[in-house]
Amino acid sequence: MKRYKVMVAQPIAKEGLERLEQAGLEVIYPEQPIDDRLLEVPEDCDAILIRTAQIGRQVIEQCPQLKVIARHGIGVDNIDMAAASEKGIFVTNVPRSNTNSVAEHVVGMMIALAHHIVKADKELRKGRFEVRNLFIGSELAGKTLGLIGYGNIGRLVVNKCTSGLGMNAIVYDPYVKEVYLDGVRLVDSIETILTESDFVSLHLPYLPEMHHFINAEALKKMKNSAYLINCARGGLVDEEALYHAIQSGDIAGAGLDVFEDEPAPKQHLLWELEQVIVTPHMAAHTKDALIRMAVGAADEIIAVLNGKEPAHCVNRHQLNRTGAINQ
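Residues numbered from 1 in each chain as written. Predicted model: local features only at pLDDT ≥ 70, side-chain atom pairs only at ≥ 80, totals over all residues. Heavy atoms only, no water.

- In the annotation of an unreviewed UniProt entry, the chain is listed under the name D-3-phosphoglycerate dehydrogenase and assigned to Paenibacillus naphthalenovorans.
- Note on the chain: under the UniProt heading Sequence similarities (unreviewed entry), the record states "Belongs to the D-isomer specific 2-hydroxyacid dehydrogenase family." (UniProt positions renumbered as here; feature names shortened; annotations may be inferred.)

What follows is the structure in structure tokens.
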């Protein structure tokens, strides 16, 4: 009986590896560490478990036995979906595995910005205790959170902010028809989010047509006391326009976990601004979430290689249309 081969392209939690091995699968690894792009996979590979590295058509087409590409996380913009679908390959993700971690990161950035925590930390380490009279923060209670996108993470952020912090929330999402939480209002335009919010938080995927969705024009519509939070995807925000908006006082600051170019460059305009908090695409990187992502991705691979439908197939519609599902 054939022993299926699974390439784990980047390091994952040991619990995910154990799940694959316990299922009798042969786990293989790239010959060289992978950072930004997976370039080569053995031709007899049956499954690939991928984190953030890009996987393109060339790799997909060189593996005739490939049946599933399992994304360790939520977004699948690093996978050539068209190529996978054409070849009848399942593309899966683990949509709820890191939602709480990311939601907590978003809320943490909001609190840190409102209370000047990072700025005060830096100055106190220089011996400047007197900055306590300079960095006067503001409470989140009573402030308005504006969300663009209201998926799993967005709903958790709203719940934490309204129920836990006493904030009001307005939401724009063309796919959502009703909101069932007190203190939350569904609005019919992005402009309303931009003009009324004290914090604007992005919770939507990156698509080419969404490139620089938040640009100079959008930033001009925000309150000059407002903050922008992006823990969604880089490329949604025009970072140069954001720099100028903050520098000129059009908005108060920003919290960013994602960037148009990743890894983010060592020299960046935004690094100059103390009103900006940045983290290296780590909002989902809690021990809890990393285990859930690894185990969830492993379970999807095990299901497919056992001839079952995966629980979270993101290209099912394309596969059904082509009628080319591999078994």
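From this point on, the discussion continues.
**Observations regarding the overall build of the chain**
So, step 1. In terms of helices and strands, the chain carries eleven helices and 14 strands.
So, step 2. Over its C-alpha atoms the chain spans a radius of gyration of 22 Å, differing by no more than 12% from the 20 Å that the globule rule assigns to 327 residues.
So, step 3. By its C-alpha atoms, the chain is 70 × 50 × 35 Å across when sized along the principal axes.
So, step 4. Counting the 327 residues in the chain, one finds 50% classified as buried.
So, step 5. Within the chain, the 43 negative side-chain charges are centred at a point lying 4 Å from the centre of the 33 positive side-chain charges. (Helix = DSSP H or I, 4+ residues; strand = E, 2+ residues; numbered from the N terminus. Rg over C-alpha atoms; globule rule 2.2 N^0.38 Å. Buried < 20%, exposed > 50% of the residue type's maximum accessible area, 1.4 Å probe, protein only. Lys, Arg positive; Asp, Glu negative; His and termini not counted. Charge placed at Lys NZ, Arg CZ, Asp CG, Glu CD.)

**Digging into the domain arrangement of the chain**
So, step 1. Looking at the chain, the domain boundaries give domain 1 (5-93 + 287-322) and domain 2 (98-278).
So, step 2. Placing a centre on the C-alpha atoms of domain 1 and another on those of domain 2 gives a separation of 32 Å.
So, step 3. With eight residues of domain 1 at the contact, the number on the domain 2 side is five residues.
So, step 4. The junction of domain 1 with domain 2 conceals about 510 Å² of combined surface from both sides, 48% of it contributed by carbon and sulfur atoms.
So, step 5. Its largest share of buried area at the contact with domain 2, domain 1 owes to Ile-74, Asp-77 and Ala-289, together 60% of the area lost on that side.
So, step 6. If you look at where domain 1 meets domain 2, you find one salt bridge.
So, step 7. Here Arg-233 ties to Asp-77 by a salt bridge, and the two come within 3.1 Å at their closest N and O atoms.
So, step 8. Remark: the boundary between domain 1 and domain 2 carries one residue pair in polar contact (both at pLDDT 80 or more).
So, step 9. Here the side of domain 1 that touches domain 2 gets three residues from one element, more than from any other, and that element is helix 10 (residues 287-305). (Domains from an automatic or database assignment. Contact = heavy atoms within 4.5 Å. Buried area = accessible area lost by both parts, 1.4 Å probe. Salt bridge = Lys/Arg side-chain N within 4 Å of Asp/Glu carboxyl O. Polar contact = N/O pair within 3.5 Å; in protein donor to acceptor, adjacent residues only side chain to side chain.)

**Structural notes on the pairing of strand 8 (residues 144-148)**
So, step 1. Within strand 8, five of the five residues are buried, which leaves the element mostly enclosed by the surrounding structure.
So, step 2. Pairing of strand 8 with strand 9 (residues 168-172) involves five bridges; the strand directions are parallel. Each bridged residue has a counterpart across the sheet, and for Leu-145 the counterpart in strand 9 is Ala-169.
So, step 3. For the crossover that starts at strand 8, traverses helix 6 (residues 152-164) and ends in the parallel strand 9, the hand is right-handed. (Pairing = 2+ DSSP bridges. Right-handed = clockwise from strand over helix to strand, strands pointing away.)

**Some details on the sheet that holds strand 1 (residues 5-8)**
Sheet strands line up and pair through hydrogen bonds in the backbone, either parallel or antiparallel.
So, step 1. With parallel pairing, the five strands of this open sheet are ordered in space as 2-1-4-6-7. Sheet topology places strand 2 (26-28) and strand 7 (90-92) at the edges, where each strand pairs with a single neighbour. Sheet twist, expressed as the mean angle between neighbouring strand axes with direction ignored, is 20 degrees.
So, step 2. With three bridges connecting them, strand 1 and strand 4 (residues 47-50) associate as parallel partners. The partner of Met-7 across the bridge, within strand 4, is Ile-48.
So, step 3. In the packing of helix 10 onto the sheet, contacts are made with strand 1, strand 4, strand 6 (68-71) and strand 7, and the angle to strand 4 comes to roughly 165 degrees. (Axes fitted to C-alpha atoms, helices over the stretch in contact; angles between N-to-C directions.)

**Section: helix 4 (residues 99-114)**
So, step 1. With 16 residues, helix 4 should reach 22 Å at 1.5 Å per residue; the first-to-last C-alpha distance of 23 Å fits that figure.
So, step 2. Where burial is concerned, most of helix 4 is hidden: twelve out of the 16 residues are buried.
So, step 3. Among all positions in helix 4, only Thr-99, Ser-101, Val-102, Ala-103, His-105, Val-106, Val-107, Met-109, Met-110, Ala-112, Leu-113 and Ala-114 are buried.
So, step 4. Once helix 4 finishes, His-116 follows within two positions and takes phi at roughly 55 degrees, a positive value. (Expected span 1.5 Å × (residues − 1).)

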